[in-house]
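# Chain and residue survey
Given next are the chains, with one letter for each unit.
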Amino acid sequence: MTDFTATRAMFHLPDGIIYLDGNSLGPLPIGAREKARQVLDDEWGEMLITGWNRAGWMALPQQLGARIARLIGAEADNVMVGDTLSTRLYQALAAALAMTDRKIVLTDHGNFPSDLYMAQGLLDTLGQGHQLRVVAPEDVAANLTDDVAALMLTQIDYRTGRMHDMVALSAAAQACGTVTVWDLAHSAGAVQVDLAGANADFAVGCTYKYLNAGPGAPAFIYVAPRHADTAHTLLNGWLGHAEPFAFEPTYRPGPGITRMRVGTPAIIQMRMLEAAMDVWDLVDMADVRAQSVALCDRFIAGVEATCPALALASPRDAAQRGSQVSFRFANGYAAMQALIARGLIGDFRAPDIMRFGFTPLYIGPDDVDAAVAIIADVMATRAWDAPQFHTRHAVT
Ligand SMILES: *Cc1c(COP(=O)(O)O)cnc(C)c1O
């Protein structure tokens, strides 16, 4: 059994704050402080450029990928860390489209805008008549026809927490010859994922949300072993070359997942990810999922019992929900500002979604009860209806 008291002690959580926003930016793992000191003073400071060899910097993207692999049911050698999620999605979709002559990319309108934008940009650039078919989330399966090149889905909806059935949709896609690209932004570290078991083709995700590696921490990409030695790379950076230090004038992709490397890895941020993975290494995802379901169910019951004005926007059935709970409220932006002023941090997503993330590594039932009490009071007293809570900030 995972010891959640022990994992909680491994995070810095500011006094007086209940943090239900780890689905957007995870908190600071305490071990990151010593890692930061080491990478700055002992490595960069003392070793200078020799750190690439002496401190093992060059191996970090794949080593970290192997540690993330366990959390997403991937084969250890098939995950590469680096770059941003938007970039990785672009790369994975391009690799998927290079495997087929079909022209349709199927996705749903619950997908995160950056994923839709990146796909639009790629399809325009290819100039081969590709089309993005955007359907309602519940209509995805019905639209999986044998002209679909790639099924590009974010497994868990960032607004509502609605979760696609990855196993069923991957099987359906495979049956009609469609390549799958899964975005695990709200899945990795949130729910149990079995990429290998689902026979997924490509997957991408980020490490600054549930994985807690810090603002702007690098993304990851997964390529199924059956494609790893042939996958199109699109971004032919020198570190994906078979022999980067031969400095050949022509690109030759490296073996397996190494071809998905692009440029120089962000070593300082990767050391932060390492500190975050030191916590994850102590954790069983089955325990995380069970505790997450318990916390979310407790939160829904508490809010519904006390706040009639808030309408549940997430699936009630835990099996169809990720690790977040959202409520609709017309004054959701102001209400969230009022909650934040009282130390309860969640976030707001336009037009009317109040979103709360549940992260068992450092959030327990007592936090849920305290959060419900704050929400109930803010709603009952209409504390949100004060002018200062209606001013919009740049980041919501
Ligand atoms: C958070 C998120 C992103 C953000 O992409 P970045 O390149 O890391 O800014 C993209 N897609 C989804 C589905 C997300 O949830």
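Keep in mind the model is a prediction, meaning the values are calculated, not measured. (Residues numbered from 1 in each chain as written. Predicted model: local features only at pLDDT ≥ 70, side-chain atom pairs only at ≥ 80, totals over all residues. Heavy atoms only, no water.)

## A look at unusual backbone geometry
- Here the residue pair Ala350 and Pro351 is connected by a cis peptide bond, since its omega of 5° sits within 30 degrees of zero.
- Of note, Pro351 is situated in the loop between β14 (347-349) and β15 (353-357).
- Even without a glycine there, the phi angle at Leu48 is positive, about 50°.
- Take Leu48: it is sitting in the loop between α2 (31-47) and α3 (51-54).
- Backbone geometry at Arg382 places phi at a positive 55°, although glycine is not the residue there.
- Mapped onto the elements, Arg382 comes out in the segment after α13 (365-381). (Helix = DSSP H or I, 4+ residues; strand = E, 2+ residues; numbered from the N terminus.)

## Regarding the domain arrangement of the protein chain
- Domain annotation of the protein chain identifies domain 1 (4-30 + 284-390) and domain 2 (56-280).
- One C-alpha centre belongs to domain 1, the other to domain 2; they are set 28 Å apart.
- The interface is formed by 34 residues belonging to domain 1 together with 25 residues belonging to domain 2.
- Surface buried jointly by domain 1 and domain 2 totals about 2300 Å² across both partners, of which 63% is contributed by carbon and sulfur atoms.
- The interface formed by domain 1 and domain 2 includes eleven residue pairs in polar contact (both at pLDDT 80 or more).
- The set of elements that each furnish at least two residues to the side of domain 1 that touches domain 2 consists of α11 (285-306), β12 (324-328) and β15.
- Looking at the side of domain 1 that touches domain 2, the element that brings in the most residues is α11, giving five residues.
- Classifying every residue of the side of domain 1 that touches domain 2 gives 16 nonpolar, 13 polar and five charged. (Domains from an automatic or database assignment. Contact = heavy atoms within 4.5 Å. Buried area = accessible area lost by both parts, 1.4 Å probe. Polar contact = N/O pair within 3.5 Å; in protein donor to acceptor, adjacent residues only side chain to side chain. Nonpolar A, V, L, I, M, F, W, Y, C, P; charged D, E, K, R; others polar.)

## Some remarks on the site of the ligand
- Taken together, Thr84, Leu85, Ser86, Phe112, Asp115, Thr154, Asp183, Ala185, His186, Tyr208 and Lys209 make up the full set of residues near the ligand.
- Here a nitrogen atom of the ligand and a side-chain polar atom of Asp115 are 2.6 Å apart.
- Contact with the protein chains removes 84% of the 390 Å² of surface that the ligand exposes when unbound.
- Across the shell around the ligand, the residue classes break down as four nonpolar, four polar and three charged. (Near = heavy atom within 4 Å. Areas by Shrake-Rupley, 256 points an atom, 1.4 Å probe, with all protein chains shown as cover.)

## A look at the packing of helix α12 (residues 332-341) against α13
- Between α12 and α13, whose axes approach to 10 Å, the crossing angle comes to 125°. In terms of orientation, α12 lies oblique with respect to α13. Of the two possible hands of crossing, α12 and α13 adopt the one that is right-handed. On α13, the residues that touch Ala335, Ala338 and Leu339 of α12 are Ile374, Ile375 and Val378.
- Partitioned by chemical class, the residues of the contact of α12 with α13 number six nonpolar, no polar and no charged. (Axes fitted to C-alpha atoms, helices over the stretch in contact; angles between N-to-C directions. Parallel < 35°, antiparallel > 145°, perpendicular 65-115°, else oblique. Left-handed = near helix turned anticlockwise from the far one by under 90°.)

## Some remarks on the sheet that holds strand β10 (residues 219-223)
- Here we have seven strands laid out as an open sheet, ordered β4-β10-β9-β8-β7-β5-β6, and mixed in their pairing. The sheet is open, and its two edges are formed by β4 (79-81) and β6 (131-135), each paired on a single side. On average, adjacent strands in this sheet sit at an angle of 20° to one another, irrespective of strand direction.
- Sheet analysis places strand β9 (residues 202-206) next to β10, joined by five bridges and oriented antiparallel. Opposite Val204, over in β10, you have Ile221 as the bridge partner.
- The strands touched by helix α4 (residues 60-69) are β4 and β10; relative to β4, the strand with the most contacts, the crossing angle is about 125°. (Pairing = 2+ DSSP bridges.)

## Some details on the pairing of strand β5 (residues 104-108)
- In terms of residue burial, β5 counts as a mostly covered element, since five of its five residues are buried.
- Along β5, one buried face is formed by Ile104, Leu106 and Asp108 and the opposite face, lined by Val105 and Thr107, is buried too.
- As defined by bridge partners, β5 adjoins β6 across five bridges and the pair is classed as parallel. What sits directly across from Leu106, in β6, is Arg133.
- What joins β5 to β6 is helix α6 (residues 113-126), and the crossover it makes is right-handed.
- By the bridge criterion, three bridges tie β5 to strand β7 (residues 148-154) in an arrangement that is parallel. In the sheet register, Ile104 faces β7, and the bridge partner there is Val148. (Buried < 20%, exposed > 50% of the residue type's maximum accessible area, 1.4 Å probe, protein only. Right-handed = clockwise from strand over helix to strand, strands pointing away.)

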